[in-house]
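One-letter residues, chain by chain:
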Amino acid sequence: PPTRQTLLFSATLPKSLVEFAKAGLENPKLVRLDAESKISTDLRMAFFSVKQAEKEASLLVLLRDVIGVPLGGSVIKETDDVEGADKKGKGKAKVKYSDQITAPHQTVVFAATKHHVEYLTNLLMTAGYAVSHIYGALDQAARTQQMDRFRKGHTHILVVTDVAARGIDIPVLENVVNYDFPQGARVFVHRVGRTARAGRQGWAWSFVTNTELPYLLDLQLFLGRPIKSEITHGGEQVYTESLVLGPFDRDRLDEEVEYLKKLDEENHNLSSLREIMRKGHGMYERSKGKASQASYTRAKEMMKE
(Lines give C-alpha, C1' and ligand atoms only; values in the text may rest on other atoms or scores of the structure.)
Protein backbone atom coordinates (compact mmCIF):
# COMPACT_ATOMS: atom_id res chain seq x y z
CA PRO A 1 0.00 0.00 0.00
CA PRO A 2 1.26 3.57 -0.67
CA THR A 3 0.79 4.49 3.00
CA ARG A 4 2.97 1.64 4.29
CA GLN A 5 6.30 2.46 5.94
CA THR A 6 9.12 -0.11 6.23
CA LEU A 7 12.06 0.01 8.64
CA LEU A 8 15.16 -2.06 7.78
CA PHE A 9 17.70 -2.62 10.58
CA SER A 10 21.29 -3.79 10.15
CA ALA A 11 24.09 -4.16 12.70
CA THR A 12 26.66 -3.21 10.06
CA LEU A 13 26.13 -1.37 6.79
CA PRO A 14 28.36 -2.33 3.86
CA LYS A 15 27.99 -0.37 0.63
CA SER A 16 26.40 -3.32 -1.17
CA LEU A 17 23.57 -3.35 1.37
CA VAL A 18 23.00 0.39 0.98
CA GLU A 19 22.63 -0.03 -2.79
CA PHE A 20 20.35 -3.04 -2.35
CA ALA A 21 18.12 -1.15 0.10
CA LYS A 22 17.44 1.51 -2.54
CA ALA A 23 16.06 -1.02 -5.02
CA GLY A 24 12.30 -0.68 -5.30
CA LEU A 25 12.04 1.71 -2.35
CA GLU A 26 10.35 5.08 -2.68
CA ASN A 27 12.23 8.02 -1.19
CA PRO A 28 14.26 5.94 1.31
CA LYS A 29 15.98 7.62 4.25
CA LEU A 30 19.21 6.35 5.79
CA VAL A 31 19.78 6.78 9.53
CA ARG A 32 23.17 5.78 10.95
CA LEU A 33 24.24 5.60 14.58
CA ASP A 34 27.91 5.41 13.56
CA ALA A 35 28.58 2.91 16.32
CA GLU A 36 31.32 1.30 14.23
CA SER A 37 33.50 4.42 14.41
CA LYS A 38 33.26 4.92 18.16
CA ILE A 39 34.78 3.12 21.11
CA SER A 40 33.25 3.17 24.56
CA THR A 41 34.82 5.63 26.97
CA ASP A 42 34.84 2.79 29.52
CA LEU A 43 37.07 0.60 27.30
CA ARG A 44 40.71 0.31 28.38
CA MET A 45 43.16 -0.78 25.67
CA ALA A 46 46.68 -2.16 25.96
CA PHE A 47 48.95 -3.17 23.07
CA PHE A 48 51.87 -5.58 23.42
CA SER A 49 54.85 -5.56 21.07
CA VAL A 50 55.62 -9.25 20.47
CA LYS A 51 57.62 -11.47 18.15
CA GLN A 52 55.62 -13.83 15.93
CA ALA A 53 57.50 -16.83 17.36
CA GLU A 54 56.63 -15.79 20.93
CA LYS A 55 52.91 -15.18 20.50
CA GLU A 56 51.89 -18.40 22.24
CA ALA A 57 54.12 -17.63 25.22
CA SER A 58 52.76 -14.08 25.30
CA LEU A 59 49.19 -15.39 25.40
CA LEU A 60 50.00 -17.63 28.37
CA VAL A 61 51.57 -14.71 30.25
CA LEU A 62 48.57 -12.51 29.50
CA LEU A 63 46.00 -15.07 30.61
CA ARG A 64 47.86 -16.11 33.76
CA ASP A 65 49.56 -12.96 35.05
CA VAL A 66 47.52 -10.09 33.65
CA ILE A 67 43.90 -11.21 33.28
CA GLY A 68 44.16 -13.94 35.91
CA VAL A 69 42.23 -16.73 34.19
CA PRO A 70 42.10 -19.72 36.57
CA LEU A 71 43.03 -23.22 35.50
CA GLY A 72 40.47 -25.98 35.61
CA GLY A 73 36.96 -26.51 34.38
CA SER A 74 33.50 -25.33 35.24
CA VAL A 75 32.81 -22.47 37.62
CA ILE A 76 29.59 -24.24 38.60
CA LYS A 77 29.79 -25.26 42.23
CA GLU A 78 27.91 -28.01 44.00
CA THR A 79 27.23 -27.50 47.69
CA ASP A 80 25.57 -29.52 50.39
CA ASP A 81 23.25 -28.07 53.05
CA VAL A 82 21.44 -25.72 50.69
CA GLU A 83 17.79 -25.41 49.88
CA GLY A 84 16.80 -28.30 47.65
CA ALA A 85 19.05 -30.93 49.29
CA ASP A 86 17.30 -33.71 51.15
CA LYS A 87 17.70 -34.14 54.87
CA LYS A 88 20.21 -36.98 54.51
CA GLY A 89 22.53 -34.79 52.46
CA LYS A 90 22.21 -36.92 49.35
CA GLY A 91 20.84 -34.14 47.17
CA LYS A 92 23.01 -31.36 45.81
CA ALA A 93 21.94 -28.00 44.49
CA LYS A 94 23.91 -26.14 41.88
CA VAL A 95 24.99 -22.53 42.17
CA LYS A 96 26.00 -21.05 38.85
CA TYR A 97 26.64 -17.80 37.06
CA SER A 98 23.75 -16.17 35.26
CA ASP A 99 23.68 -16.52 31.49
CA GLN A 100 23.68 -12.73 31.33
CA ILE A 101 26.83 -12.13 33.39
CA THR A 102 30.12 -13.78 32.56
CA ALA A 103 32.83 -14.06 35.19
CA PRO A 104 35.43 -11.21 35.35
CA HIS A 105 38.17 -13.50 34.02
CA GLN A 106 36.22 -14.87 31.06
CA THR A 107 37.95 -13.95 27.83
CA VAL A 108 37.30 -14.00 24.09
CA VAL A 109 40.42 -14.56 21.96
CA PHE A 110 40.31 -13.53 18.29
CA ALA A 111 42.56 -15.50 15.92
CA ALA A 112 43.17 -15.20 12.17
CA THR A 113 41.96 -18.57 10.83
CA LYS A 114 40.27 -21.79 11.92
CA HIS A 115 43.74 -23.40 12.01
CA HIS A 116 44.79 -20.81 14.61
CA VAL A 117 41.63 -21.55 16.59
CA GLU A 118 42.24 -25.32 16.57
CA TYR A 119 45.87 -24.94 17.60
CA LEU A 120 45.24 -22.39 20.37
CA THR A 121 42.31 -24.43 21.73
CA ASN A 122 44.48 -27.55 22.00
CA LEU A 123 47.39 -25.57 23.45
CA LEU A 124 45.31 -23.89 26.15
CA MET A 125 43.51 -27.10 27.07
CA THR A 126 46.87 -28.88 27.40
CA ALA A 127 47.95 -26.03 29.70
CA GLY A 128 44.93 -26.76 31.89
CA TYR A 129 42.43 -24.10 30.81
CA ALA A 130 38.75 -24.71 30.10
CA VAL A 131 38.24 -23.58 26.49
CA SER A 132 35.43 -23.24 23.97
CA HIS A 133 36.00 -22.54 20.29
CA ILE A 134 33.97 -21.39 17.28
CA TYR A 135 34.89 -20.97 13.62
CA GLY A 136 32.99 -20.83 10.36
CA ALA A 137 33.28 -24.52 9.44
CA LEU A 138 31.54 -25.69 12.63
CA ASP A 139 27.90 -26.71 12.17
CA GLN A 140 25.22 -24.78 14.04
CA ALA A 141 24.66 -27.43 16.70
CA ALA A 142 28.37 -27.46 17.61
CA ARG A 143 28.49 -23.64 17.67
CA THR A 144 25.49 -23.48 19.99
CA GLN A 145 27.00 -26.08 22.33
CA GLN A 146 30.38 -24.29 22.48
CA MET A 147 28.72 -20.91 23.03
CA ASP A 148 26.43 -22.20 25.79
CA ARG A 149 29.37 -23.69 27.68
CA PHE A 150 31.10 -20.30 27.66
CA ARG A 151 28.03 -18.23 28.50
CA LYS A 152 27.18 -20.50 31.43
CA GLY A 153 30.72 -20.34 32.80
CA HIS A 154 31.67 -23.96 32.10
CA THR A 155 34.64 -22.63 30.11
CA HIS A 156 36.72 -19.53 30.79
CA ILE A 157 38.14 -18.85 27.31
CA LEU A 158 36.40 -18.63 23.93
CA VAL A 159 38.67 -18.75 20.84
CA VAL A 160 37.02 -17.47 17.65
CA THR A 161 37.60 -16.15 14.13
CA ASP A 162 36.10 -12.88 12.86
CA VAL A 163 33.62 -14.63 10.57
CA ALA A 164 32.33 -16.94 13.29
CA ALA A 165 32.12 -14.11 15.83
CA ARG A 166 29.64 -12.04 13.82
CA GLY A 167 26.71 -14.00 15.16
CA ILE A 168 27.95 -14.18 18.74
CA ASP A 169 26.09 -12.26 21.41
CA ILE A 170 27.69 -12.08 24.85
CA PRO A 171 25.80 -9.49 26.93
CA VAL A 172 28.49 -8.80 29.54
CA LEU A 173 32.18 -9.48 28.89
CA GLU A 174 35.29 -7.88 30.39
CA ASN A 175 38.19 -9.16 28.25
CA VAL A 176 38.82 -9.31 24.51
CA VAL A 177 42.22 -10.46 23.19
CA ASN A 178 43.41 -9.78 19.64
CA TYR A 179 45.86 -12.65 19.23
CA ASP A 180 46.17 -11.68 15.57
CA PHE A 181 45.81 -7.95 15.03
CA PRO A 182 42.84 -7.07 12.77
CA GLN A 183 43.63 -5.74 9.31
CA GLY A 184 41.18 -2.85 9.51
CA ALA A 185 40.25 -0.27 12.13
CA ARG A 186 36.54 -1.03 11.80
CA VAL A 187 37.20 -4.74 12.39
CA PHE A 188 39.06 -3.78 15.57
CA VAL A 189 36.13 -1.65 16.76
CA HIS A 190 33.72 -4.49 15.98
CA ARG A 191 35.81 -6.97 17.99
CA VAL A 192 36.32 -4.82 21.07
CA GLY A 193 32.70 -3.65 21.01
CA ARG A 194 31.81 -6.85 22.85
CA THR A 195 33.20 -5.43 26.08
CA ALA A 196 32.72 -2.18 28.07
CA ARG A 197 28.96 -2.19 27.44
CA ALA A 198 26.10 -0.65 29.42
CA GLY A 199 28.29 1.43 31.71
CA ARG A 200 30.61 -1.46 32.61
CA GLN A 201 34.36 -1.27 32.13
CA GLY A 202 36.29 -3.69 29.96
CA TRP A 203 39.74 -4.44 28.56
CA ALA A 204 40.97 -4.99 25.01
CA TRP A 205 44.41 -6.64 24.86
CA SER A 206 46.19 -6.74 21.50
CA PHE A 207 49.39 -8.38 20.26
CA VAL A 208 51.30 -6.39 17.63
CA THR A 209 54.19 -7.87 15.63
CA ASN A 210 56.48 -5.79 13.40
CA THR A 211 54.45 -6.74 10.32
CA GLU A 212 51.22 -5.73 12.10
CA LEU A 213 52.52 -2.35 13.28
CA PRO A 214 51.19 -0.46 10.20
CA TYR A 215 47.66 -1.63 11.05
CA LEU A 216 48.08 -0.22 14.58
CA LEU A 217 49.13 3.11 13.06
CA ASP A 218 46.04 3.05 10.83
CA LEU A 219 43.96 2.43 13.97
CA GLN A 220 45.62 5.40 15.66
CA LEU A 221 44.60 7.69 12.80
CA PHE A 222 41.08 6.25 12.81
CA LEU A 223 40.60 6.80 16.56
CA GLY A 224 42.61 10.01 16.75
CA ARG A 225 44.51 8.93 19.87
CA PRO A 226 48.26 9.12 20.53
CA ILE A 227 50.53 6.08 20.88
CA LYS A 228 52.44 6.01 24.17
CA SER A 229 55.29 3.75 25.19
CA GLU A 230 55.72 5.17 28.69
CA ILE A 231 53.18 5.95 31.41
CA THR A 232 54.17 8.49 34.04
CA HIS A 233 50.81 9.22 35.65
CA GLY A 234 47.06 8.98 35.21
CA GLY A 235 46.45 5.45 36.46
CA GLU A 236 44.16 3.35 34.28
CA GLN A 237 42.58 6.42 32.67
CA VAL A 238 45.52 6.67 30.27
CA TYR A 239 44.40 3.34 28.75
CA THR A 240 41.09 4.91 27.72
CA GLU A 241 42.69 8.01 26.19
CA SER A 242 45.82 6.62 24.46
CA LEU A 243 47.10 3.55 22.66
CA VAL A 244 49.66 2.23 25.17
CA LEU A 245 52.28 0.04 23.46
CA GLY A 246 54.94 -1.92 25.34
CA PRO A 247 56.61 -5.33 25.78
CA PHE A 248 56.01 -8.18 28.19
CA ASP A 249 58.46 -8.83 30.99
CA ARG A 250 61.38 -10.69 29.39
CA ASP A 251 61.90 -13.15 32.25
CA ARG A 252 58.25 -14.20 32.35
CA LEU A 253 58.22 -14.64 28.59
CA ASP A 254 61.32 -16.85 28.69
CA GLU A 255 59.69 -19.01 31.37
CA GLU A 256 56.63 -19.56 29.19
CA VAL A 257 58.77 -20.41 26.15
CA GLU A 258 60.34 -23.22 28.19
CA TYR A 259 56.92 -24.27 29.47
CA LEU A 260 55.67 -24.57 25.88
CA LYS A 261 58.33 -27.19 25.22
CA LYS A 262 56.92 -29.28 28.07
CA LEU A 263 53.41 -28.93 26.65
CA ASP A 264 54.68 -30.29 23.32
CA GLU A 265 55.89 -33.38 25.17
CA GLU A 266 52.52 -33.83 26.87
CA ASN A 267 50.46 -33.37 23.68
CA HIS A 268 52.20 -34.67 20.56
CA ASN A 269 49.47 -33.23 18.34
CA LEU A 270 50.55 -29.66 19.11
CA SER A 271 53.57 -29.69 16.78
CA SER A 272 51.51 -30.85 13.78
CA LEU A 273 48.71 -28.39 14.56
CA ARG A 274 51.29 -25.62 14.88
CA GLU A 275 52.71 -26.43 11.47
CA ILE A 276 49.25 -26.38 9.90
CA MET A 277 48.60 -23.03 11.60
CA ARG A 278 51.83 -21.59 10.21
CA LYS A 279 50.91 -22.60 6.67
CA GLY A 280 47.46 -21.13 7.17
CA HIS A 281 49.00 -17.95 8.51
CA GLY A 282 51.12 -17.61 5.38
CA MET A 283 48.01 -17.82 3.20
CA TYR A 284 46.22 -15.37 5.50
CA GLU A 285 49.06 -12.85 5.23
CA ARG A 286 48.97 -13.01 1.42
CA SER A 287 45.22 -12.54 1.24
CA LYS A 288 44.60 -9.78 3.77
CA GLY A 289 44.33 -6.12 2.82
CA LYS A 290 47.13 -3.61 3.08
CA ALA A 291 47.50 -0.73 5.51
CA SER A 292 48.04 2.80 4.18
CA GLN A 293 51.42 3.61 2.64
CA ALA A 294 51.97 6.37 5.19
CA SER A 295 51.58 3.85 8.01
CA TYR A 296 54.16 1.51 6.44
CA THR A 297 56.61 4.41 6.26
CA ARG A 298 55.97 5.40 9.88
CA ALA A 299 56.29 1.78 11.01
CA LYS A 300 59.77 1.50 9.45
CA GLU A 301 60.82 4.67 11.27
CA MET A 302 59.46 3.40 14.59
CA MET A 303 61.28 0.07 14.26
CA LYS A 304 64.57 1.88 13.59
CA GLU A 305 64.05 3.92 16.75
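Conventions we followed
Residues numbered from 1 in each chain as written. Predicted model: local features only at pLDDT ≥ 70, side-chain atom pairs only at ≥ 80, totals over all residues. Heavy atoms only, no water. Phe/Tyr/Trp six-rings, centres within 6.5 Å; stacked < 30°, edge-to-face > 60°. Helix = DSSP H or I, 4+ residues; strand = E, 2+ residues; numbered from the N terminus. Buried < 20%, exposed > 50% of the residue type's maximum accessible area, 1.4 Å probe, protein only. Core = buried A, V, L, I, M, F, W, Y, C linked by side-chain atoms within 4.5 Å. Contact = heavy atoms within 4.5 Å. Polar contact = N/O pair within 3.5 Å; in protein donor to acceptor, adjacent residues only side chain to side chain. Pairing = 2+ DSSP bridges. Axes fitted to C-alpha atoms, helices over the stretch in contact; angles between N-to-C directions. Parallel < 35°, antiparallel > 145°, perpendicular 65-115°, else oblique. Left-handed = near helix turned anticlockwise from the far one by under 90°. Right-handed = clockwise from strand over helix to strand, strands pointing away. pLDDT = per-residue confidence, 0-100.

Participant: Please clarify how the packing of aromatic side chains should be interpreted in this entry.
Facilitator: Each aromatic ring pair is summarised here by two numbers: the centre-to-centre distance and the angle between the ring planes. Taken as a whole, this structure holds ten aromatic pairs when the rule is applied. With 6.3 Å between their ring centres and 25° between their planes, phenylalanine 48 and tryptophan 205 make a pair best called stacked. With phenylalanine 48 in strand β1 (residues 43-49) and tryptophan 205 in strand β8 (residues 202-208), the pair connects residues that are 157 residues apart, well separated along the chain. For the pair phenylalanine 48 and tryptophan 205, a shared accessibility class is recorded, and that class is buried.

Participant: What is the right way to read the nonpolar core from this model?
Facilitator: Soluble, globular proteins show a tendency: their nonpolar side chains are buried together. Formed by 37 residues in total, the largest nonpolar core has its most connected members in Leu124, Tyr129 and Ile157. Elements that contribute at least two residues to this core include exactly β1, α2 (55-67), α3 (114-126), β6 (157-160), β8, α9 (250-266) and α10 (269-287). Discounting residues that sit within four places of it in the chain, tyrosine 129 has contacts with Leu60, Leu63, Arg64, Val69, Pro70, Leu71, Gly72, Leu124 and Ile157. In this structure, Phe181, Ala185, Ala196 and Leu243 belong to the second largest nonpolar core, which totals 22 residues.

Participant: Could you clarify how one ought to interpret the side chain of asparagine 178 in this entry?
Facilitator: Checked against the element boundaries, asparagine 178 lands in strand β7 (residues 175-178). A distance of 2.9 Å separates the side chain of asparagine 178 from the side chain of serine 206, its partner in a polar contact. Excluding its chain neighbours within four sequence positions, the residues that come into contact with asparagine 178 are Phe110, Phe188, Arg191, Val192, Trp205, Ser206 and Phe207.

Participant: Just to check I follow, could you spell out the sheet that holds β7 for this structure?
Facilitator: In any sheet, the strands associate via hydrogen bonds between backbone groups, in a parallel or an antiparallel arrangement. Here eight strands make up an open sheet; going across it, the order is β5-β6-β4-β7-β8-β1-β10-β9 and the pairing parallel. Both outer strands of the open sheet, β5 (131-134) and β9 (227-228), are each paired with one neighbouring strand and no more. For β1 and strand β10 (residues 243-246), the ladder comprises three bridges, and the chain directions are parallel. Counterpart to phenylalanine 47 in the pairing with β10 is leucine 245.

Participant: It is not clear to me how the pairing of strand β4 (residues 107-110) should be interpreted in this structure. Could you clarify?
Facilitator: Along any regular strand, the residues point their side chains to alternate faces of the sheet. Burial along β4 is two-sided: the face carrying Thr107 and Val109 and the face carrying Val108 and Phe110 are both buried. Direction of pairing for β4 relative to β6: parallel, over a ladder of four bridges. Note on β6: the bridge partner recorded for threonine 107 is isoleucine 157. In the sheet, β4 pairs with β7 via four bridges, with the strands oriented parallel. Each residue of the ladder has a partner; that of threonine 107, found in β7, is asparagine 175.

Participant: Would you mind going over the packing of α3 against α10 with me for this structure?
Facilitator: A pair of packed helices is characterised by two quantities: the angle between their axes and the separation of those axes. Closest axis-to-axis distance for the α3/α10 pair is 8 Å, and the angle between their directions is 150°. Comparing their axes, α10 and α3 come out roughly antiparallel. Seen along the crossing, α3 lies across α10 with a hand that is left-handed. Contacts between α3 and α10 involve His115, His116, Glu118, Tyr119, Asn122, Leu123 and Thr126 from the former and Leu270, Leu273, Arg274, Ile276, Met277, Gly280 and His281 from the latter.

Participant: Which parts of the structure should I look at to understand the environment of leucine 260?
Facilitator: Along the chain, leucine 260 turns up in helix α9. Leucine 260 gets classed as buried once you look at its relative accessible area, which sits at 11%. Along the sequence, leucine 260 and alanine 57 sit 203 residues apart, while their C-alpha atoms lie 7.1 Å from each other. Apart from residues no more than four positions distant in its own chain, leucine 260 is found in contact with Glu56, Ala57, Leu60 and Leu123.

Participant: How do you make sense of helix α1 (residues 15-22) when you look at a structure like this?
Facilitator: Residues spaced three or four apart along an α-helix face the same direction, because each turn holds 3.6 residues. For α1, the buried fraction is low: zero of the eight residues fall into the buried class. Just beyond α1, the residue with positive phi is glycine 24, at close to 75°.

Participant: Can you help me understand the pairing of β7 in this one?
Facilitator: Alternating residues of β7 divide into Asn175 and Val177 and Val176 and Asn178, and every residue in both groups is buried. Taken together, the four bridges between β7 and β8 define a ladder with parallel strand orientation. Looking across to β8, one finds that asparagine 175 is bridged to tryptophan 203. For the segment spanning β7, helix α6 (residues 185-192) and β8, crossover handedness is right-handed.

Participant: Honestly, the confidence of the model for the protein chain in this entry has me stumped. Any pointers?
Facilitator: Confidence in the prediction for the protein chain averages 83 pLDDT; 87% of positions are at 70 or higher. Of all the helices and strands in the protein chain, strand β2 (residues 77-79) carries the lowest mean pLDDT, 36, while α3 carries the highest, 95. When the criterion is pLDDT under 50, residues 75-99 qualifies, and its contacts beyond four places in sequence or with other chains add up to 30 contacts.

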